[in-house]
Structures are given as structure tokens and as C-alpha cells.
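# Geometric and topological summary
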Amino acid sequence: MASIETPPTALSAGAVVPDTPAAPGGRRGSARRHWVGWFFIFPFLVVFLAFLVAPLVYAAYLSLYTKGLATGTTFAGIDNYKRAFTDPSFLHGLWFVLKFSLVVIPLQVLVALAAALLLDEIAGRLARVARLVIFLPYAIPVVLGSLMWGFLYSPSFGPIEQISTLFNVQAPFLLSQGNIFYGLLNVVTWQWAGYYMIIIYAALQGIDTSIYEAARTDGATARQIAFRIKIPLITPAMALILVFALIGTLQFFVEPKVLGPIANGTVTPDFTPNIYAVTLALQYAQFNYASAISFSLGFVVFVAVAIFMFVTRKRGSLFT
Amino acid sequence: MRFKTTLSVVAPVVLALGLAACSGSDDGGSSGSTAAKPTNCTNKIVKEDAPRVLVWAWYPNMAKVVDNFNNQHTDVQVCWTNAGQGQDEYSKFQTAVSAKKGAPDVVMLEGDQLVGFEIQDALVDLVPYGANDVKKNFSEGAWKDVSQGDKVYAAPIDGGPMALIYRTDVFAKYGITKPPATWAEYAADAAKVKAAGGPPFGDFASNVPAVTTALMIQKGATPFQYDLSDKQNIGIKVDDQATKDVLNYWADLSTKKQIGKEDQFTTDYVAGMVGGKYATYVSAAWAPGYLTGAGVGNGSSKGKFAVAPLPQWDAASPVSVNWGGSAFAVTSQASDKAAAAKVALGLYADEASLTDGWKTQTIFPLNQTVLKSDDFVNAKVDFFSGQTANKDIYIPAENAYKGAVYSPFTVYYYAQLQAQIVKLNAGQTTGDKAATDLQAALVAYAKTQGFTIK
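Residues numbered from 1 in each chain as written. Chains lettered and ligands numbered in written order. Predicted model: local features only at pLDDT ≥ 70, side-chain atom pairs only at ≥ 80, totals over all residues.

Here we take up the overall build of chain B. Within chain B one finds 18 helices and 15 strands. Relative to the globule expectation of 22 Å for 454 residues, the C-alpha radius of gyration of chain B, 24 Å, shows essentially globular dimensions. For chain B, the spread of C-alpha atoms along the principal axes amounts to about 75 × 65 × 55 Å. Buried positions account for 50% of the 454 residues belonging to chain B. Taking contacts inside chain B between residues at least 6 apart in sequence as the whole, the part at least 24 apart equals 77%. (Helix = DSSP H or I, 4+ residues; strand = E, 2+ residues; numbered from the N terminus. Rg over C-alpha atoms; globule rule 2.2 N^0.38 Å. Buried ≥ 20, exposed ≤ 12 C-beta atoms within 10 Å, placed from the backbone. Contact = placed C-beta atoms within 7 Å.)

The structure is reproduced here in C-alpha cells:
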């Protein structure tokens, strides 16, 4: 999945800036505080402008032109965008990641929620070890995780194959055209559920335990506490991870890219919108159209997140 | 609280130091007084003060080839990097061409990639740098493949005449006494082995679209008509009967599970080759070298391989086709084009390198001196258990090869063909429909690129 480390950074930047406006104190003090504020965000700001804003502006500029092998570069206006939203390759990829989001996000959030609720109930060394073990897949770089699964899925070397041979049956190849959806589902859930579990677990730790005591005094069972108290109280955290998961999954890239070479061609150059954009740019030399595809994907992600936040606006207080 | 304060002060400092370190090393890299000398060479530079030419290439014996060149030259030195094999390298080169910086001085390209870079003005005409002096070393066809009119864009190194590599142990076990001479016999043998519970007879891999293209051409297809002097016009014909027949033929074998549909060059595929999972391998003359490098032909699979001429559609009028084979081109980003051309024309052109190349079967040399030498002609090839494969199979195939015309968007064409092969293997399309869809996709693409369809 694409990096979801970026959103928290952007949020923290947003948190810093509002602090800087002048407090009602003396003018000199406020100016100095202002300067100090800029000093501290300066390193971040340089990186932010150089590696995020500038490339975005440049890509937006590129997306307004078109370059043909035989014709050279010409101004295209919004033609590239019109082409993107009628391009079957882009639309297929988009449809795939939307379908994938609808399945993978609920799945990994459920796994994470179940694990977090269980870990919140038990204490002691076992809980600490279990927490670490569930979190561990997230600590493995996505590329390495995907390579590892590539080995596990391998029809010549993988354990799935070897176990099936024992029972004399043909192992399913989890990266074949019919199975790759599930093959990827497994890899992504394995990789990310632990991360979401930690976020939910942290939110659960933040709940005042006296509430549980009060509930127990009133005769609530553990299950009732979990469903009536814990889950409602951690909805902001849930909303947060759903947004992360949605953004990440719509930008699905690393796992199919890494597993592609052993998937017998199932991972086509337009498998997901991000893979399509990279193929366009780096293999077909269509940087202009690739920029337009990237912005179109960004637009779709933006709309999807906006819809999600609109739907959940009453429940989660995080984004209001 | 105290801890927090320390952290927030330290963090920017560390970051600033990190940035300083980055820019510092950057300066170090380009502080040379003249134009930046490539320093990140895989090989040893023999003559330190000679100008360096940065070369991208992936021949398995490249280290030896580069050392041979550098030991024999004092006026120029090769600085070699392996930037990936095939498409991996082309992607990097394409990006460098688009960025107008970052390309090597000399780049290894397969014949089917040349025109795609020529049209972008990424390659330099080598005629002013003495290309015609080495013309006599090559056959007319080989020279034509690297030329456009009077211009020569690369120095040919190796070709890829195709043949049928097969497993003698599998053939013996399933009672196939002689290798199939026609595709009809090939299909019959495949059915026979399958019926006897044998392994897949071959492989219809999606990731080697160049092979499928060669087989289409063998049946009489002419996928592209293109000439750089008529830059805007292109002829595309991939929905002819020959293409449909070839796609139908392989899709039929594959859906009947008589052949495999695994991608080639993967670890799984190589393991299958070692373990006798495939009875035949339709491939080029350079394949044994790559297979040997991957561990095939040693240990349990030693002495199990032999080679036969490529099966024909019509045994009475055989057609010879080619897969791969590469050339060295000078890029237009090269700062010292004369030095770069000297490398392109001289690298892998010395006798020691060529001999090492053909003896390890990593190249099928195009240099006529080698092609006609007794050593080469009569060589008993180890991989094929002492068969005189050059004399019997590969030299006749190379001599009969007529050359091919490629499109300026080979990468796109291969990607589309690959997608169709995946569908064919999954039984989701027919050869006829695949050819029609392919034609439509290519025509649409050519139009977006500003070409006029002839």
C-alpha cells in the first residue's frame, strides 16, 4: 500500500501553524515567538516545499500538455483529464481498488478491533508478547513482506504447495487471475491489521477505567462493556484508521508491483491506477498523461474521503 | 517535560546535520574539475587518467568483456554498470531520456528497442565516428537491423536465432523418437505426452511477448511497417490470419494444459527447467548461457538437453526467426561522443571477449570472423552434451533470418500482447478476438502519439 505516513505529518504541520499568531502580549515578545516558531518548522518546511509542493506544482503543469512520439509537446488543456476518465485502463484499475477497499478495509479493521479488544482485556506478559507479535508484520517493510508472501505462494517452493503435495492435491496458485484478489487481500490484511490494532489499543488505553467499574456495578457483562462502552468511545480512532486505510488502499501499489513478476502476467500494467501511472511515465514515456492520471486518482481519493467524512460526520469528532 | 524539551531542540539539529551530510556528499561526487567523471564503476579502471565512458549492459560475462577492453585501451576506459536486464534497463534509460539527464554514454539495447529511442533523438548516428569501418564484420541483415537509411545507430553484438531446445530424458521416457519438425507434430507430441501423464510439453509465457511476435512473423505476419525517414506514418497489422492462427495454436495447447503458462526467467520457471517440468523450450541461441547462469544444466539436469531446428508451419519452406540479440548505442547525452563511439564500436568486439561469449553461450555472435571460424562452427556444445549445435542448428537459422521491422512503441505493444496472452491462457478470449483487440489498441495508441495509420 502507498505510504500513509504522510497524513499525520501534514496534520502536525497544521497543528503548529495556528499556534504562531500573535498572543495579546507585548509586540516584541510576539514577534520573537513568531520567529522561533518559524525556526522550528523551517527544516520541515524546506522538505515539504521541495519534495511535496514543488513536485505537485510541476506535475500539475505537466498534466496540461501532451507529448506524442511523432508530434512533440503541445498544450492540451484539460484533454488529458477527459481522456483519463474515459480510459478503460484507468477505470478498470479504479474499479479494482474500489472493490478491494470495500473488502479489505472492513476486514482489517475487524481483525484489528477484535485483537485490540482482546488485548485490552488481558494483562501480563502474554498480552505484551501478543501485542508485539500482532504488530510485527507492520514493522516489516512492505516490499520484504510482499517478497516473503511471494515465496509462500510459490508453486515450486512454497509451503502451500508442499502441504498440498502431502495430501496429493493441486495447490491453488493464489496469484492466478481468479485468485489474486484474495492473495493480495491476505497480504494486505496481514501487513496492516497490526498497525490499526495499535491505534485502537492506544485509544482503549485512554478510556477512564472508572467507567468500566461503574458499568460492572450496574451489572454489565464484559461483552456489553466492549460493545456499549469501549467501541462507542473509540469511534474517533476508528474514523481515523478508516480514512488512513481508504487513502492507502486507493493508492494500492507496492504489493501487486512486487508480486507482479511471479504472477504470470496477472498484474497488468493497468492493474491499479498507481501502477498504471508509473507504467505510463517510466515505460511509455508519457509523463504528461501519467501526471493527469495521478491527479485524477488524487481527485477520486479526495472525493472518497469527503464522502466518508460526510457519512460519519455525526459519529467521529476527530475531524470536526 | 525536561525530556521533551531536549528532544525538540535536538530534532531540528539532527535533521539539519543530515541535510548537510547529504549536500556534502553531493559536492564530493561532482567536484571534479572537468565534466563529471563516472566514478561508480562495477569494474576496475586500468588507466586512471583516461576519459571514462559510462556503459549500461547486462551480458552475463560483461565483467570480463570490460576488463578486456580496458586492458587493451589507454585512450579511453569503460566504466560499467548493470542497470538491469531488458525492460528494467529500458525503463531507466527512458526516464533519463525524458529527463534529458542521467543517461549513460553507451547503452545496450535489443534490436526491437532501437527505433523507439531513435525517434526520440536519444541515440547518435555512428557514421561520422567510423561505424562504416566495421561494417564489413557483419552480415547485411545484421547491419540493416541497426541502421535507418544511411544512418547507423548502434554496433551489433549478438543475435538470437531461434530453435527448439528439448529434454532428451523426457522425450525418451514418453517415446518421442525425433524432435517435432512442424508445429503440427509439436502439437501431436504435446498431446501424446499429456495423455501419458507427462509434464507440460512447452510454455506459453506472457512475459516473453517477443517470442510470440517472432512466432507470428514465422507464420507470415508483418506486425509493423515503419521507416524513420517517414516519421509520422506507420503500418500496423496484427489482426491478420497468421497472427490469429499462431495465437489460437498456443491458446489451444495451453487451455488443454498440454503446455504450461508460467512466466519465464522466474525462480519457479528455472526450477521447472532443472526438474524436467517442461519437455521443450522454444528459445534463442543465447538462452543456454542464461540458463547455465541460473543453474540449469548442472547437477541433476546435466546432459539432459539437446537442440533441434525450430518447428515449421510448412516444412517445405522453412522460415527462420529471431529473439533478442543486442547492440551498443551511443546516447545523445554522451559528453564525449567520439570516445563513446569508440567504446560502442570496440567493446565486445575483440576476439577474447567474443570467444568467451560464444563458448559460454551467452551470445550468438554476429561478427562474421567468429561466425566463420572453424572453432565456432565445429564447437561441440557442452550444454547440449557435445552436439555441434552451431553448425547444425544456429548458423543455418541465422543465415536464413531476413530481419524484422519494429514499431517505435515496442514497449507498449509488448504490454498489450502480454495482456492478451494472459487472457488466452485463462481461456477468456480467443486468438481471433485477441488479435482484433490488439489491433484496435495499437491503432488507438498510435493515433494518440500523433502517428497516421498507413
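Alright, that's what it looks like, and here's the rest.
A separate point is the overall build of chain A. When helices and strands are tallied, chain A shows 14 helices and 2 strands. Every one of the 320 residues in chain A was classed for burial, and the buried ones make up 32%. When contacts within chain A are restricted to residue pairs at least 6 apart in sequence, long-range pairs at least 24 apart make up 69% of them.

A few words now on the sheet that holds strand β8 (residues 162-167) of chain B. All names here are of chain B. The strand order across the open sheet formed by 3 strands is β11-β8-β12, and the pairing between neighbours is antiparallel. Looking at strand neighbours, the two that pair on one side only are β11 (280-284) and β12 (305-309), the edges of this open sheet. Within the sheet, the average angular offset between the axes of one strand and its neighbour, ignoring direction, is 35 degrees. Note: β8 against β11, 5 bridges, orientation antiparallel. Following the sheet pairing, Tyr166 is matched in β11 by Thr280. (Pairing = 2+ DSSP bridges. Axes fitted to C-alpha atoms, helices over the stretch in contact; angles between N-to-C directions.)

Residue and element names in this part refer to chain B. The 5 strands are arranged β2-β1-β3-β13-β6 in an open sheet whose pairing can be described as mixed. Lying at the two open borders of the sheet, with one neighbouring strand each, are β2 (77-81) and β6 (155-156). Bridging between strand β1 (residues 52-56) and β2 involves 5 bridges; their strand directions are parallel. Its bridge partner lying in β2, Arg52 is registered against Gln77.

Bringing the pairing of strand β2 (residues 72-75) of chain A into the picture now. Residues and elements named next belong to chain A. Across 4 bridges, strand β1 (residues 65-68) lies against β2 in antiparallel orientation. Considered in β2, the bridge of Tyr65 is made with Phe75. Connecting β1 to the next strand, β2, in antiparallel fashion are 3 residues.

Residue and element names in this part refer to chain A. Positive phi outside glycine occurs at Asn264, with the angle close to 50 degrees. By secondary structure assignment, the location of Asn264 is in the loop between α12 (254-259) and α13 (273-282). Given 28 C-beta atoms within a 10 Å radius, Asn264 is considered buried.

The next point concerns the pairing of β2 of chain B. Of all 5 residues in β2 of chain B, 4 are buried, a share of seventy percent or more. The β-α-β motif built from β1 of chain B, the intervening helix α2 (residues 62-72) of chain B and the parallel element β2 of chain B has right-handed crossover chirality. (Right-handed = clockwise from strand over helix to strand, strands pointing away.)

Every contact between the two is made by 22 residues of chain A and, on the other side, 33 residues of chain B. Partitioned by chemical class, the residues of the side of chain A that touches chain B number 12 nonpolar, 10 polar and no charged. (Nonpolar A, V, L, I, M, F, W, Y, C, P; charged D, E, K, R; others polar.)

Turning next to the nonpolar core. Among the nonpolar cores identified, the biggest contains 207 residues, and Ile200 of chain A together with Val55, Ala329 and Ala344 of chain B are the most heavily contacted of them. Discounting chain neighbours no more than four positions away, the residues touching Ala329 of chain B are Val106, Val107, Leu109, Leu114, Leu123, Tyr153, Ala154 and Ala344 of chain B. (Core = buried A, V, L, I, M, F, W, Y, C linked by C-beta atoms within 7 Å.)

Our next topic: the environment of Val296 of chain B. All names here are of chain B. Within the fold, Val296 resides in the loop between α11 (287-293) and β12. C-beta crowding within 10 Å serves as the criterion here: with 24 such atoms nearby, Val296 is assigned to the buried category. With 22 residues separating them in the primary sequence, Val296 and Val274 have C-alpha atoms 5.2 Å apart. Beyond its immediate sequence surroundings of up to four residues, Val296 is in contact with Val270, Met273, Val274, Leu291 and Ser301.

All names here are of chain B. Direction vectors running N to C along helix α8 (residues 209-219) and helix α17 (residues 410-425) enclose 90 degrees, while the axes themselves pass 9 Å from each other. In terms of orientation, α8 lies roughly perpendicular with respect to α17. Of the residues in α17, those in contact with Pro209, Ala210, Thr212 and Thr213 of α8 are Tyr414, Leu417, Gln418 and Ile421. A per-class count over the contact of α8 with α17 returns 5 nonpolar, 3 polar and no charged. (Parallel < 35°, antiparallel > 145°, perpendicular 65-115°, else oblique.)

So, about the confidence of the model for chain B. Residues and elements named next belong to chain B. On average, residues of chain B carry a pLDDT of 89, and 92% of them reach 70 or more. Within chain B, helix α9 (residues 241-255) carries the highest mean pLDDT (97), whereas helix α1 (residues 2-29) carries the lowest (38). Note that residues 1-34 has pLDDT below 50 and, in this model, 6 contacts with residues that lie over four places away or in other chains. (pLDDT = per-residue confidence, 0-100.)

It is worth spelling out the confidence of the model for chain A at this point. Residue and element names in this part refer to chain A. Averaged over every residue, the pLDDT of chain A is 86; residues scoring 70 or more account for 88%. Within the model, pLDDT remains below 50 along residues 1-25, and this stretch shows 26 contacts once partners closer than five positions in the same chain are excluded. Considering only residues more than four positions removed or in separate chains, one finds that residues 316-320, a stretch of pLDDT under 50, has 9 contacts.

With 34 residues, helix α4 (residues 88-121) of chain A should reach 50 Å at 1.5 Å per residue; the first-to-last C-alpha distance of 49 Å fits that figure. The principal kink in α4 of chain A, of about 30 degrees, is found at Ser101 of chain A. (Expected span 1.5 Å × (residues − 1). Bend = angle between axes of the 7 residues up to and from the residue.)

Turning next to helix α9 (residues 209-217) of chain A. Little of α9 of chain A is tucked away: 0 of the 9 residues are buried. Gly219 of chain A sits one or two positions beyond α9 of chain A and adopts a positive phi of about 90 degrees.

With that settled, the discussion passes to the packing of helix α11 (residues 235-250) of chain A against helix α14 (residues 287-311) of chain A. All names here are of chain A. Relative to each other, α11 and α14 sit at 155 degrees, their axes nearing to 10 Å. The angle between the axes of α11 and α14 places the two elements in the roughly antiparallel class. Every pair of crossing elements has a handedness; the one defined by α11 and α14 is right-handed. Note on element contacts: α14 touches α11 through Val300, Val301, Ala304, Val305 and Phe308, opposite Leu242, Val243, Leu246, Ile247 and Leu250. Taken together, the residues that form the contact of α11 with α14 break down as 10 nonpolar, no polar and no charged. (Left-handed = near helix turned anticlockwise from the far one by under 90°.)

The next point concerns the environment of Glu262 of chain B. In this structure, Glu262 of chain B sits in the loop between α9 and α10 (267-274). In this structure, the C-alpha to C-alpha distance between Glu262 of chain B and Asp105 of chain B, residues 157 residues apart in sequence, is 36 Å. Those residues in contact with Glu262 of chain B that lie beyond four places of it in its chain are Asn264 of chain A together with Asp203, Ala205, Asp268, Tyr269 and Gly272 of chain B.

This paragraph deals with the environment of Ser98 of chain B. You can see Ser98 of chain B is positioned in helix α3 (residues 87-99). Looking at Ser98 of chain B, the number of C-beta atoms within 10 Å reads 17, which means it is partly exposed. Spatially, the C-alpha atom of Ser98 of chain B lies 8.9 Å from that of Gln120 of chain B, the residues being 22 residues apart in sequence. Each residue touching Ser98 of chain B, except ones within four places of it in the same chain, is listed here: Ala285 and Phe287 of chain A.

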